[in-house]
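Analysis of the macromolecular model
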Amino acid sequence: MFFPIETIRIMDSSARTRFSSITSKVIMALAGLFLVTFLLVHLGINLLLLAGDGGQSFTAAAGFMATNPVIRIFEVVLFGGFLLHMVFGLIVTLRNRASRPLRYQHKSRSETSPLSKYMFHSGVVVFVFLILHFIDFYFVKVGLVAPPSGIDRHDFYRRSILLFSDKGYSAIYLVSFLFLGFHLNHAVQAAFQTIGVSHNKYIGTIKVVSILYAIIVAGGFMVIPFWFILVR
Amino acid sequence: MIFTLKIWRQKNAADKGGLVTYKVEDISADSSFFEMLDMLNQQLIAQGVDPVAFDHDCREGICGTCSLYINGRPHGPLKGVTTCQLHMRSFNNGDTIFIEPWRCGAFPVIKDLIVDRSAFDKIIQAGGYVSVNSGGIPDANTIPVPKPDSDAAFDAAACIGCGACVASCPNASAMLFVSSKISHLALLPQGRVEAQHRVQQMVSTMDSLGFGNCSNTYACEAECPKEISVVNIARMNREFLAALLFAEKEKQISFSL
Ligand code: HEM
Ligand code: FES
């Protein structure tokens, strides 16, 4: 076509052998947006802990999630989503670090949202909590870890109450969700920008929705231990 | 006015380099930043010291040659201004001013404050042009262009390629530069023809040169002397995805002997 051989050669030697910057980020953003919808479902179920019905509705919902075949399939998709998001998060972060081998002597004074610069750090905090969460619930459910004495391995309600009665656990939980809030506050608006959905007409709306989502989700999860400590 | 300057000195690309402290006195508040550096250099020449090398050309904010990372900000403390348009009245008397070169693996230091920005030229060479002959002047409105599109194209075309976006980005990403070049051509009918090829080639060249990924911190938009919007980056991502997923494939013509 119109292009000289030289540029085609450059293109061949670079893009074909690895995911391009934009593709990597789009995969990450799409996986992230999937996690964002998953979190809403998860929050909805967890808030049933506060229903005050001795765990009936919570257990029913958890039971549905554990047995419904569609949800079972989505569980695999969910693991995939986390994996993709984290693997590409790592790839992108490593490439970003490598692009400036020599740093500035003077600290940056550019006006940016501070949370956007620490996505990897907040992501790692969420990841550490995720491991804890797996050991506490998923591994217990599948029988890899023995449940605490007197609690059935499928009884998530009493398992949760026991965990939240531990002040140390509640503190770790609260800090983790605070960081999840930081991550989400930037994540939702960033994901739209990355997949190319940004325009002066609705850029403001997306930012507001992003912040509201972060506050509602992080706040919603954080209400639960407080309710157990203060109300019950 | 009196200033203490901490300037990055580096003999050549191989030299390790470091900050050197200088004092300048009797600086008029209305002298430009470069006039202040010119005075320092006169002083250094008189002392038999190698003057500080820095990039500059038009000194009127239109060519994109000047750079300098001043006190943690490309082009200094003012918004929407190049270093050549910065004046000493924007500083306080007695200030200590850090002056460093752009930092990015793809922009190696040549000497002192001068970096090699030919990586940007390589990106342009990969497709930042329209390769058909434009011919003579056509009659008005033979190719209609919607006004909002031409406005947006013009805003993007204001990019002077100085590299402040790369310098300010925590990831040394060139996406504001590349996206403004892609936008100003993709929004106009003459540039539209090659848009899909262009975006793929320019992005892959950008990647191969080792620039980072955008992580949407928008430091670039805050520091761009031409105040180019990150909406262009979203447009580039859209164009790139559309080209990746939907571009018509070139027909392979094979010759048999
Ligand atoms: C429930 C948990 C999580 C959700 C809902 C989530 C969601 C998101 C979303 C939507 C983005 C925006 C993508 C973009 O910039 O376009 C993002 C960015 C990011 N996430 Fe997550 N994330 C989660 C957990 C994690 C974890 C466990 C890590 C791993 C260490 C991580 C690392 C990152 C990083 C590094 C970025 C920034 C990428 C960049 O722009 O440079 N995230 N996240
Ligand atoms: S010297 Fe031309 S823009 Fe500054």
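As the structure is a prediction and not an experimental result, all values here were calculated from the model.

The subject of this paragraph is the overall build of chain A. In terms of regular secondary structure, chain A is built from 8 helices and 0 strands. The dimensions of chain A, computed from C-alpha atoms along their principal axes, are 75 × 40 × 40 Å. When the 232 residues of chain A are sorted by exposure, 42% land in the buried category. Long-range contacts, defined here as pairs at least 24 residues apart, represent 74% of the contacts in chain A between residues at least 6 apart. Carbon and sulfur atoms form 72% of the exposed surface of chain A, whose accessible area is close to 12,800 Å². One way to put it: in chain A the 20 positive side-chain charges average out to a point 10 Å from where the 9 negative ones average out.

To continue, consider the interface of chain B and chain A. In this complex, chain B contributes 63 residues to the contact, which on the side of chain A involves 46 residues. Between chain B and chain A, roughly 4,500 Å² of surface is buried when both sides are summed, and carbon and sulfur atoms account for 57% of that area. Of all residues in chain B, Arg103, Asn213 and Asn216 of chain B give up the largest surface area on contact with chain A, accounting jointly for 14% of the area buried on that side. Seen at the junction of chain B and chain A, the total is 0 salt bridges. At the boundary of chain B and chain A, one finds 23 residue pairs in polar contact (both at pLDDT 80 or more).

Residue and element names in this part refer to chain B. Counting buried positions along strand S5 (residues 96–100) yields 4 of 5 residues, so the element is predominantly enclosed. Bridge analysis of strand S1 (residues 3–9) against S5 gives 4 bridges, and the strand direction is parallel. By the bridge assignment for S5, Leu5 is matched with Ile97.

A separate point is unusual backbone geometry. It is generally the case that most residues other than glycine have a negative phi and that most peptide bonds are trans. All names here are of chain B. The backbone of Asn216 shows a phi angle near 55°, a positive value even though the residue is not glycine. Relative to the elements of secondary structure, Asn216 occurs in the loop between helix H7 (195–208) and helix H8 (219–223). Take Asn216: its relative accessible area is 3%, and that puts it in the buried class. Positive phi outside glycine occurs at Glu227, with the angle close to 50°. In this fold, Glu227 is placed in the loop between H8 and helix H9 (231–246).

A few words now on the site of ligand 1. Around ligand 1 lies a shell of 27 residues, among which Lys25, His85, His183 and Thr194 of chain A together with Ser215 of chain B are the nearest. Flanking ligand 1 are residues from chains A and B. A distance of 2.7 Å is found between an oxygen atom of ligand 1 and a side-chain nitrogen or oxygen belonging to Lys25 of chain A. Contact between ligand 1 and Thr194 of chain A: an oxygen atom at 2.6 Å from a side-chain N or O atom of the residue. Counting residues per element, the ones that place at least two in the shell around ligand 1 are helix H2 (21–47), helix H4 (69–98), helix H5 (119–142) and helix H7 (167–194) of chain A. Grouping the constituent residues of the shell around ligand 1 by class yields 18 nonpolar, 8 polar and 1 charged.

A word on the sheet that holds strand S2 (residues 18–24) of chain B. All names here are of chain B. Strand order in the open sheet made by the 5 strands is S2-S1-S5-S3-S4, with mixed pairing throughout. Every other strand in the sheet has two partners, leaving S2 and strand S4 (73–74) as the edge strands with one partner each. As paired strands, strand S3 (residues 69–70) and S5 are joined by 2 bridges and run antiparallel to one another. Looking at the pairing, Tyr69 lines up with Glu100 of S5.

Residues and elements named next belong to chain A. At the metal site, the iron atom of ligand 1 is ligated by His85 (NE2) and His183 (NE2), and these contacts range over 2.0 Å. Bound by 6 donor atoms, the iron atom of ligand 1 shows angles of 87 to 180° at the metal and therefore octahedral coordination geometry. With His85 in helix H4 and His183 in helix H7, the pair connects residues that are 98 residues apart, well separated along the chain.

Of all hydrophobic cores here, the largest spans 47 residues; its most connected members are Phe107, Val166, Val178, Phe211 and Met236 of chain B. Summarising the domain contributions, this core has at least three residues from each of domain 1 (3–111) and domain 2 (118–256) of chain B. Excluding residues within four positions of it along the chain, Val166 of chain B makes contact with Arg100 of chain A together with Cys104, Phe107, Phe120, Ala172, Ser173, Ala174 and Phe211 of chain B. Of all hydrophobic cores here, the second largest spans 28 residues; its members include Tyr157, Leu163, Leu180 and Phe228 of chain A.

Turning next to the domain arrangement of chain B. Residues and elements named next belong to chain B. Taken domain by domain, chain B holds domain 1 (3–111) and domain 2 (118–256). Summarising the inter-unit geometry, the C-alpha centres of domain 1 and domain 2 are found 30 Å apart. On the domain 2 side, the residues contacting the 18 residues of domain 1 number 19 residues. Both sides together, the interface formed by domain 1 and domain 2 hides about 1,400 Å², and carbon and sulfur atoms give 59% of it. Interface area lost by domain 1 to domain 2 is led by Pro74, Ala106 and Phe107, which between them contribute 30%.

As enumerated under the stated definition, the model contains 13 salt bridges over all chains in all. Measuring nitrogen to oxygen at the nearest pair gives 4.0 Å for the salt bridge that ties Arg198 of chain B to Glu194 of chain B. Accessibility assignment for this pair places Arg198 of chain B and Glu194 of chain B in one class, buried. The structure contains a network of salt bridges with shared partners spanning Arg72, Glu75 and Lys141 of chain A.

Once that is clear, we can look at the packing of H7 of chain A against helix H8 (residues 203–231) of chain A. Packed helices, taken two at a time, are described by the angle their axes make and the gap between the axes. Residue and element names in this part refer to chain A. Running from N to C, H7 and H8 point in directions that differ by 165°, and their axes come no closer than 8 Å. One finds that H7 runs roughly antiparallel with respect to H8. Crossing of H7 against H8: the hand is right-handed. Broken down by class, the residue content of the contact of H7 with H8 amounts to 18 nonpolar, 5 polar and 1 charged.

Cut-off values and rules
- Residues numbered from 1 in each chain as written.
- Chains lettered and ligands numbered in written order.
- Predicted model: local features only at pLDDT ≥ 70, side-chain atom pairs only at ≥ 80, totals over all residues.
- Heavy atoms only, no water.
- Helix = DSSP H or I, 4+ residues; strand = E, 2+ residues; numbered from the N terminus.
- Buried < 20%, exposed > 50% of the residue type's maximum accessible area, 1.4 Å probe, protein only.
- Contact = heavy atoms within 4.5 Å.
- Areas by Shrake-Rupley, 256 points an atom, 1.4 Å probe, with all protein chains shown as cover.
- Lys, Arg positive; Asp, Glu negative; His and termini not counted.
- Charge placed at Lys NZ, Arg CZ, Asp CG, Glu CD.
- Buried area = accessible area lost by both parts, 1.4 Å probe.
- Salt bridge = Lys/Arg side-chain N within 4 Å of Asp/Glu carboxyl O.
- Polar contact = N/O pair within 3.5 Å; in protein donor to acceptor, adjacent residues only side chain to side chain.
- Pairing = 2+ DSSP bridges.
- Near = heavy atom within 4 Å.
- Nonpolar A, V, L, I, M, F, W, Y, C, P; charged D, E, K, R; others polar.
- Donors = N, O, S within 2.8 Å, 3.2 Å for Na, K, Ca; no water.
- Tetrahedral: all angles 85-135°; square planar, octahedral: opposite > 155°, others 65-115°.
- Core = buried A, V, L, I, M, F, W, Y, C linked by side-chain atoms within 4.5 Å.
- Domains from an automatic or database assignment.
- Axes fitted to C-alpha atoms, helices over the stretch in contact; angles between N-to-C directions.
- Parallel < 35°, antiparallel > 145°, perpendicular 65-115°, else oblique.
- Left-handed = near helix turned anticlockwise from the far one by under 90°.

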